[in-house]
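What follows is the residue order along each chain.
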Amino acid sequence: MIFGRSQRGEPPVEPVTLKILVAGGFGVGKTTLVGAVSEIRPLRTEELLTEAGRPVDDVSGVEGKHTTTVAMDFGRITLREDLVLYLFGTPGQERFWFMWDELSEGALGAVVLADTRRLEDCFAAVDYFERRSIPFVVGVNCFEGSARYPADTVRQALDLDADVPLVMCDARDRESVKEVLIGVVQHAMAQAADRRRTVTT
């Protein structure tokens, strides 16, 4: 099926559109993740890192990074003919966190990308979504050359609740990212179902 059309003789399918945030620390791979799966040319708001930003932009562990997102990344992926995800990548540096409230408005859920070389950088995102009761999945971005740890070890280091999914992924790989996004949708739907059961009992 081509987006917006159906098979001959069938009524057109009106897709459900869902908003997913992609958050995490500076240089963790959010822009890469959105670009890996977006079926449209991603909207990027990247600027070059400058000497003026050196005191606040810690590039240790990501020394090859030369640009940074200053507003958001935006992409779109059709998972099924009746399900379209709009992806919003959040800026990673603390000075841009004021934008998170705006971007999170109406979001179904989120991906928190984590880098085991700088695991503490995703604490703020985990805390943000926990405090606002926004369902999220932690995706551990497996960079080349970085140490690999068992999922349980990473979960313990992040002090995640038992019901928060944690998956290993490669932000450069389309199929890997799709699995993470499907996990977010499933997790958010399961939490919504639990809330409905609680209300009716």
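A brief structural summary. All of these numbers come straight from a predicted model, not from anything done at the bench.

**Details of the pattern of salt bridges**
- Summed over all chains, the structure comprises 9 salt bridges.
- Residues Asp 101 and Arg 132 are paired through a salt bridge, measuring 3.4 Å at the closest nitrogen-oxygen approach. With Asp 101 in helix α2 (residues 100-104) and Arg 132 in the loop between α3 (123-131) and β6 (136-141), this residue pair connects regions lying 31 residues apart in the sequence.
- Its salt-bridge partner being Asp 194, residue Arg 197 comes within 2.2 Å of it at the nearest N-O pair.

**A look at a negative patch on the surface**
- A surface patch of like charges, here negative, comprises Glu 130, Asp 159, Asp 161 and Asp 163.
- Structurally, the position occupied by Asp 163 is in the loop between α4 (151-158) and β7 (166-169).

**Quick look at empty space enclosed by the protein**
- This model, assessed by the stated rule, comprises 1 cavity of 30 Å³ or more.
- Roughly 50 Å³ of internal volume is contained in the largest cavity.
- Every residue along the wall of the largest cavity is listed here: Gly 25, Phe 26, Gly 27, Val 28, Leu 113, Ala 114, Asp 115, Arg 118, Leu 119, Asp 121 and Cys 122.
- Taken together, the residues of the lining of the largest cavity break down into 6 nonpolar, 2 polar and 3 charged.

**Some details on the packing of aromatic side chains**
- Within this structure, the stated rule accounts for 6 aromatic pairs.
- An angle of 35 degrees between the planes, with centres 6.2 Å apart, marks the rings of Phe 129 and Phe 136 as tilted. The two residues Phe 129 and Phe 136 agree in class, both being buried.
- Put simply, the rings of Trp 100, Tyr 128, Phe 129 and Phe 136 touch in pairs and so form one group of aromatic residues.
- Looking at Lys 19, its charged tip hangs above the ring of Phe 88, at a distance of 4.8 Å from the centre.
- The ring of Phe 143 is capped by Arg 117, whose NZ or CZ atom sits 4.4 Å from the centre of that ring.

**Brief notes about α3**
- Within α3, burial applies to Ala 125, Val 126, Tyr 128 and Phe 129. Seen end-on, α3 carries its buried residues on one side only, within an arc spanning 160 degrees.
- Looking at the packing, one finds that the buried side of α3 touches β1 (16-24), α2, β5 (109-114) and β6.
- A positive phi of about 55 degrees marks Ser 133, the residue just after α3.

Calculation rules
Residues numbered from 1 in each chain as written. Predicted model: local features only at pLDDT ≥ 70, side-chain atom pairs only at ≥ 80, totals over all residues. Heavy atoms only, no water. Salt bridge = Lys/Arg side-chain N within 4 Å of Asp/Glu carboxyl O. Helix = DSSP H or I, 4+ residues; strand = E, 2+ residues; numbered from the N terminus. Patch = residues over 30% accessible without salt bridge, like charges linked within 9 Å, V, L, I, M, F, W, Y side chains within 5 Å. Areas by Shrake-Rupley, 256 points an atom, 1.4 Å probe, with all protein chains shown as cover. Lys, Arg positive; Asp, Glu negative; His and termini not counted. Charge placed at Lys NZ, Arg CZ, Asp CG, Glu CD. 1 Å grid on protein atoms, 1.4 Å probe; cavity = no way out; pocket = protein on both sides within 12 Å on 5 of 7 lines; lining within 4 Å. Points joined across faces, edges and corners; volume = space filled by probe spheres on them. Nonpolar A, V, L, I, M, F, W, Y, C, P; charged D, E, K, R; others polar. Phe/Tyr/Trp six-rings, centres within 6.5 Å; stacked < 30°, edge-to-face > 60°. Buried < 20%, exposed > 50% of the residue type's maximum accessible area, 1.4 Å probe, protein only. Lys NZ or Arg CZ within 6 Å of the ring centre and 35° of its normal. Arc of directions from axis to C-beta. Contact = heavy atoms within 4.5 Å.

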